[in-house]
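Structure at a glance
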Amino acid sequence: MVVSRTATGEGLTLQNNMSSQGDVDAEGVTVGPSLTPFNGFESTVGSTMIVTIGATVPTGFEHTAAEEVKEKIGAEVRIGKDRGRIYFEVSTDKLSQVHLLRSVDNLFVIVEEYKHYHFKESKEETLAELMQLASNLPWANGLEVWRLNNSLKKRRGRRRGPHVAKGKAKAAAPDAEDAGEKEPQPAEMQPSIEDRPLDEAGADSESSSLGPEEAASEPKVLKFRVTCNRAGDKHSFSSNDAARDFGGAIQDFFQWKADMTRFDIEVLLNISSEEVVIGIALTEESLHRRNITHFGPTTLRSTLCYGMLRLCNPQPSDVIFDPMCGTGALPLEGAIEFNSAFYVGGDNNDMAINRTVNNIAHVQKRKEEGDGAPGLPIDAVQWDVCRLPVRSSSVDIILSDMPFGKRMGSRKKNWDLYPACLREMARVVRPGCGTAVLLTQDKKCFTKAVSRMGGLWKKSHTVWVNVGGLHAGVFLLKRTEGTFGETPEDVYEAPGNRSAESTAKEDKELS
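Residues numbered from 1 in each chain as written. Predicted model: local features only at pLDDT ≥ 70, side-chain atom pairs only at ≥ 80, totals over all residues. Heavy atoms only, no water.

Bringing the overall build of the protein into the picture now. Regarding its fold elements, the protein presents 13 helices and 18 strands. For the protein, with 511 residues in total, the buried portion stands at 55%. For the protein, the computed accessible surface area is about 22,400 Å², with 50% contributed by carbon and sulfur atoms. (Helix = DSSP H or I, 4+ residues; strand = E, 2+ residues; numbered from the N terminus. Buried < 20%, exposed > 50% of the residue type's maximum accessible area, 1.4 Å probe, protein only. Areas by Shrake-Rupley, 256 points an atom, 1.4 Å probe, with all protein chains shown as cover.)

Take the packing of helix α1 (residues 62–72) against helix α8 (residues 302–312) next. Where α1 contacts α8, the axes come no closer than 10 Å and their chain directions differ by 80°. Classified by the angle their axes make, α1 and α8 are roughly perpendicular. Where α1 abuts α8, its residues Thr64, Glu67, Glu68, Glu71 and Lys72 lie against Tyr306, Gly307 and Arg310. In terms of residue class, the contact of α1 with α8 is made up of 1 nonpolar, 2 polar and 5 charged. (Axes fitted to C-alpha atoms, helices over the stretch in contact; angles between N-to-C directions. Parallel < 35°, antiparallel > 145°, perpendicular 65-115°, else oblique. Contact = heavy atoms within 4.5 Å. Nonpolar A, V, L, I, M, F, W, Y, C, P; charged D, E, K, R; others polar.)

Counted by the stated rule, this structure contains 21 salt bridges. We note a salt bridge from Glu113 to Arg78, for which the minimum N-O separation is 3.0 Å. Separated by 35 residues along the polypeptide, Glu113 in strand β7 (residues 106–114) and Arg78 in strand β5 (residues 77–79) bring together distant segments of the chain. With relative accessibility at 29%, the residue Arg78 sits in the partly exposed group. Put simply, Glu337 and Arg102 hold a salt bridge, and the shortest N to O gap is 3.1 Å. Here the residue Glu337 occupies a position in helix α9 (residues 329–337), and Arg102 occupies one in the loop between α2 (95–98) and β7, the gap between them amounting to 235 residues. On the accessibility criterion, Glu337 (26% relative accessible area) is partly exposed. Put simply, Glu68, Lys72, Arg102, Arg290, Glu333 and Glu337 are held in one network by salt bridges that share partners. (Salt bridge = Lys/Arg side-chain N within 4 Å of Asp/Glu carboxyl O.)

Right, let's talk about the sheet that holds strand β12 (residues 319–322) for a bit. Judged by pairing direction, the sheet is mixed, and its 7 strands sit side by side in the order β14-β13-β12-β15-β16-β18-β17 without closing on themselves. Looking at which strands have only one partner, the edges of the open sheet turn out to be β14 (378–382) and β17 (457–467). Going from strand to strand, the sheet's axes swing by 20° on average, the running direction of each strand aside. The sheet contact formed by strand β16 (residues 435–440) and strand β18 (residues 470–479) spans 6 bridges and is antiparallel. The partner of Thr440 across the bridge, within β18, is Gly473. Sheet strands touched by helix α12 (residues 443–452): β16, β17 and β18. Its angle to β18, the strand with the most contacts, is close to 15°. (Pairing = 2+ DSSP bridges.)

As enumerated under the stated definition, the model contains 13 aromatic pairs in all. A ring pair is formed by Tyr87 and Phe108, whose centres lie 6.3 Å apart and whose planes are at 80°; its orientation type is edge-to-face. Remark: Phe108 occurs in strand β7 and Tyr87 occurs in strand β6 (residues 85–91); sequence separation between them is 21 residues. Residue Tyr87 shares its accessibility class with Phe108, and that shared class is buried. (Phe/Tyr/Trp six-rings, centres within 6.5 Å; stacked < 30°, edge-to-face > 60°.)

Next up on the list: helix α7 (residues 239–254). Helix length check: α7, at 16 residues, gives a terminal C-alpha distance of 22 Å against a target of 22 Å (1.5 Å per residue), a fit within 8%. Of all 16 residues that make up α7, 12 are buried, and the element is covered over most of its length. Ser239, Asp241, Ala242, Ala243, Asp245, Phe246, Gly247, Gly248, Ala249, Ile250, Phe253 and Phe254 are the residues of α7 that are buried. Gln255 sits one or two positions beyond α7 and adopts a positive phi of about 65°. (Expected span 1.5 Å × (residues − 1).)

Attention shifts here to empty space enclosed by the protein. Approximately 80 Å³ is the volume attributed to the largest cavity. Around the largest cavity sit 13 residues that line it, and Asp264, Glu266, Ala281, Thr283 and Glu284 are the ones nearest its centre. Broken down by element, the lining of the largest cavity gets its largest block of residues, 4 residues, from helix α4 (residues 140–160). Considering only residue class, the lining of the largest cavity consists of 6 nonpolar, 3 polar and 4 charged. A volume near 50 Å³ is recorded for the second largest cavity. Surrounding the second largest cavity, 10 residues form its lining, His288, Arg289, Ile292, Phe295 and Leu300 being those nearest its centre. Grouping the constituent residues of the lining of the second largest cavity by class yields 3 nonpolar, 3 polar and 4 charged. (1 Å grid on protein atoms, 1.4 Å probe; cavity = no way out; pocket = protein on both sides within 12 Å on 5 of 7 lines; lining within 4 Å. Points joined across faces, edges and corners; volume = space filled by probe spheres on them.)

Where α8 contacts α9, the two axes come as close as 9 Å, and the packing angle between them is 70°. Comparing the axis directions of α8 and α9 gives the class roughly perpendicular. Of the two elements, α8 crosses α9, and the hand of that crossing is right-handed. Residue-level inspection shows Ser302, Cys305, Tyr306, Met308 and Leu309 of α8 in contact with α9, the latter providing Ala329, Leu330, Glu333, Gly334 and Glu337. (Left-handed = near helix turned anticlockwise from the far one by under 90°.)

In structure tokens:
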């Protein structure tokens, strides 16, 4: 299997952007009437239309994302053949609601989709077909949705006030994935165009130096690039080849201007084996960048945190702990989305606690400025995960991103840490109804630790996810009815653990 990702742009003005739907011939190439040119960017589509939206989601949580879309928007969802993508139809008047989904990373509107595209055997013939395809696609609806999306962004920007430059902040606080391996950043991850003003057509304000009369008479020149995401080992071409030639055809057709970093429109060419999807991006940066401002070496995506939270299904008045919270991504997401429960994030590292406190303060300030509501139901504590300063059977849910043994800790230490953690978690969680949702890539060590805790924990469900390019598991554990201190797992005193007598003594002191 070959998976590659390339971005390129070959310049393009939004003049010839209207097209009617063509037929598809046996080769999978659209054959239809040529687009009718028009001047300027005037909407020729009704105020409301039904379009297909594509979304990238954390791999493994496609069904969770589908449930959220069904619940919040009422749309039926189709899960893509390639993992990590979902598709759903929605009317354009609900476009703002789509941006509020918590489980999706990036959004795009589909221009055209081919489930069985027959690629030619030779590279030259295939690329020639892609170039022909670019000028025969029904771009009209996709470009209209892009225009509506831009107007929504400008309205949100006015509500939030002036933007602070993000480039320096990103450089100082890179988006790190848990697991010790930073997720490879695709070539198309570039500074957001949301940081700069757009004119009414969505064009870069710095791209034009025309006077008022000239600006009124001449169309705005838009900037674009093409990003190709390709998966499959039976293609005669590379992602770079496809993006270059497809982008070149778009350039000839629209006469837009190429710009790889300060683009207005990003055209997506997604190829997975025989499936081809052409779309227009609706997000400049992933929606998972929403809560965290102070990053650590293993900060989880907010979208992955949301998936883990839905897996444990928090109820009102639940007490939820993250005993190894890092930067607080998990409890923060929970306090925002499931705010009828109470969250405590803890860590043994003072720097991690400082980051968590700063992230909580940032989100609370943003919330107060937005709706004037009081702070979030969350707190942060410094502690030892193997000796939690908490009474037994007082916690409903444990949520945690455990050390993978790469960037944090080591595989060798995990063999002692995991059993000790699970034993202490079993002590503080309510017997019979308590739940733990734990993420780790050290699957062998974790499975052995759970098997040793058979009298305290039972594995209920596992979701396999991709975290920074690593194959990890989200494990849902259910607390048994067994009384802590009376099961075979607790009859001995192990390093970092407590006997039943010492546990009872500390519980008395805490009460």
